[in-house]
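As a plain string of letters, each chain reads:
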Amino acid sequence: MKKIGIFLCLIFLWSNINASAITYPKITSQGAVLMDINNGKILFQKNGHGRYAPASTTKVMTALLALEKCKLDDNVIVGKNPPLEDGSKIFLTKGEVLTVDQLLYALLLHSANDAALALAEHISGSKEEFAHLMNERANQLGCKDTNFLNPNGLYESKHYTSAYDLAQIASNAMKSSKFREIVSTLSFDIAPTNNHPEIRHLHNENKLLYSQKYKYPNADGIKTGYTIKAKHTYIGSATRNGKTLVVVLLSGVKGYYKD
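Residues numbered from 1 in each chain as written. Predicted model: local features only at pLDDT ≥ 70, side-chain atom pairs only at ≥ 80, totals over all residues. Heavy atoms only, no water.

(A) Quick look at the pattern of salt bridges. In total, this model carries six salt bridges according to the counting rule given. Taking the shortest distance from any N to any O, the salt bridge between lysine 178 and aspartate 101 comes out at 3.0 Å. Within this pair, whereas lysine 178 is found in helix α7 (residues 177-183), its partner aspartate 101 is found in helix α3 (residues 100-108), the two being separated by 77 residues in sequence. The two residues lysine 178 and aspartate 101 agree in class, both being buried. (Salt bridge = Lys/Arg side-chain N within 4 Å of Asp/Glu carboxyl O. Helix = DSSP H or I, 4+ residues; strand = E, 2+ residues; numbered from the N terminus. Buried < 20%, exposed > 50% of the residue type's maximum accessible area, 1.4 Å probe, protein only.)

(B) Summary view of a positive patch on the surface. Positive charge collects at one region of the surface, where Lys207, Lys213, Lys254 and Lys258 lie side by side. Positionally, lysine 213 belongs in the loop between α8 (207-210) and β7 (219-227). (Patch = residues over 30% accessible without salt bridge, like charges linked within 9 Å, V, L, I, M, F, W, Y side chains within 5 Å. Areas by Shrake-Rupley, 256 points an atom, 1.4 Å probe, with all protein chains shown as cover. Lys, Arg positive; Asp, Glu negative; His and termini not counted. Charge placed at Lys NZ, Arg CZ, Asp CG, Glu CD.)

(C) Expanded view of the nonpolar core. Met61, Phe179 and Ile222 are the most contacted members of the largest nonpolar core, which has 55 residues in total. The dominant element in this core, judged by the number of residues it contributes, is α3, at seven residues. Within the second largest apolar cluster, eleven residues are counted, among which are Ala32, Leu208, Leu209 and Tyr257. (Core = buried A, V, L, I, M, F, W, Y, C linked by side-chain atoms within 4.5 Å.)

(D) Spatial organisation of the packing of α3 against helix α4 (residues 113-124). Running from amino to carboxyl end, α3 crosses α4 at an angle of 140 degrees, the nearest separation of the two axes being 8 Å. Here α3 is positioned oblique relative to α4, judged by the angle of their axes. The chirality of how α3 crosses α4 is left-handed. On α4, the residues that touch Val100, Leu103, Leu104, Ala106 and Leu107 of α3 are Ala115, Ala116, Ala118, Leu119 and His122. (Axes fitted to C-alpha atoms, helices over the stretch in contact; angles between N-to-C directions. Parallel < 35°, antiparallel > 145°, perpendicular 65-115°, else oblique. Left-handed = near helix turned anticlockwise from the far one by under 90°. Contact = heavy atoms within 4.5 Å.)

(E) Summary view of the layout of surface pockets. There is about 580 Å³ of room inside the largest pocket. Looking at the largest pocket, it is lined by 27 residues, and the ones nearest its centre are Leu34, Leu208, Ala238, Val247 and Asp259. Mapped onto the lining of the largest pocket, the elements with two or more residues apiece are β1 (31-36), β2 (41-46), β8 (231-240) and β9 (243-252). The element best represented in the lining of the largest pocket is β8, accounting for six residues. Split into classes, the residues belonging to the lining of the largest pocket amount to 19 nonpolar, four polar and four charged. Within this model, the second largest pocket holds a volume of roughly 280 Å³. Every residue lining the second largest pocket is counted, 19 residues in all, and those nearest its centre are Ser111, Glu205, Thr224, Gly225 and Tyr226. Looking at the lining of the second largest pocket, the elements with two or more residues in it are α8 and β7. (1 Å grid on protein atoms, 1.4 Å probe; cavity = no way out; pocket = protein on both sides within 12 Å on 5 of 7 lines; lining within 4 Å. Points joined across faces, edges and corners; volume = space filled by probe spheres on them. Nonpolar A, V, L, I, M, F, W, Y, C, P; charged D, E, K, R; others polar.)

(F) Structural view of the sheet that holds β7. Strand order in this open sheet of five strands is β2-β1-β9-β8-β7, and the pairing throughout is antiparallel. Both outer strands of the open sheet, β2 and β7, are each paired with one neighbouring strand and no more. Across the sheet, the axes of successive neighbouring strands diverge by a mean angle of 10 degrees, strand direction being ignored. The pairing of β8 with β9 spans eight bridges and is antiparallel. Residue pairing in the sheet places glycine 236 in a bridge with valine 247 of β9. Sitting on the sheet, helix α6 (residues 163-173) touches β1, β2, β7, β8 and β9, and the angle it makes with β1 is about 35 degrees. (Pairing = 2+ DSSP bridges.)

(G) Highlighting the side chain of threonine 244. Structurally, threonine 244 is set in strand β9. A polar contact of 2.7 Å, which involves the side chain of threonine 244, links it to the side chain of threonine 239. If sequence neighbours within four positions are ignored, threonine 244 has contacts with Met35, Asp36, Ile37, Asn38, Ser237, Ala238 and Thr239. (Polar contact = N/O pair within 3.5 Å; in protein donor to acceptor, adjacent residues only side chain to side chain.)

(H) Expanded view of α6. For α6, the tally of buried residues reaches ten of eleven residues, placing the bulk of the element in the interior. Packed against the buried residues of α6 are β1, α2 (59-69), α7, β7, β8 and β9.

Set out below in structure tokens:
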């Protein structure tokens, strides 16, 4: 009995020594989550349920809904509102016709705000109705700290989410082979359309995929974001030996790729 007691004490001491030896990363982003999407386990978090402006990482939810609600070869007729969107865009024009597939590449590679609104209006008829659909889907995924007001992440004070919720959204989007294909693609050309006679050349903005300084061999997505008020936001993924990890960073500073 005495030997068993000594043995249990040794196990306790060993486990505590190893637990105290774990060194967690110190990062500059205000909110962060690292998730194993194979099992949903959270491996690291910092203010994981804190509410932050997501900027263009919002577009992951827009893409998820487009893939669930549309066929890739569906034609989208651009309305009067998408050409008026601020920020990054591919300069869509009223009456221009593109496929859902083309708009998804514009959305996720070039982070086109006009493409996001064109998809939203195609699916729901208006930005407001699409935002309702976004929040409904977020609720289905178990998101508790999310309220979307637009499909592209342009800043609005009541448009917010958390690192934990974005990890849930991204992990579900990554179940789509088409989504995974797009977010891991380095470049894509949109062929001339009825209103645009030239090829649009799109390039992925995720430096983990191509940058000499930050490139990571196993990286395979997902989305960058930035507005002045939201600061830098990021969803990244990497796959090795069949295991995929997703990282979400919110309210980051310049140089957030080090995080």
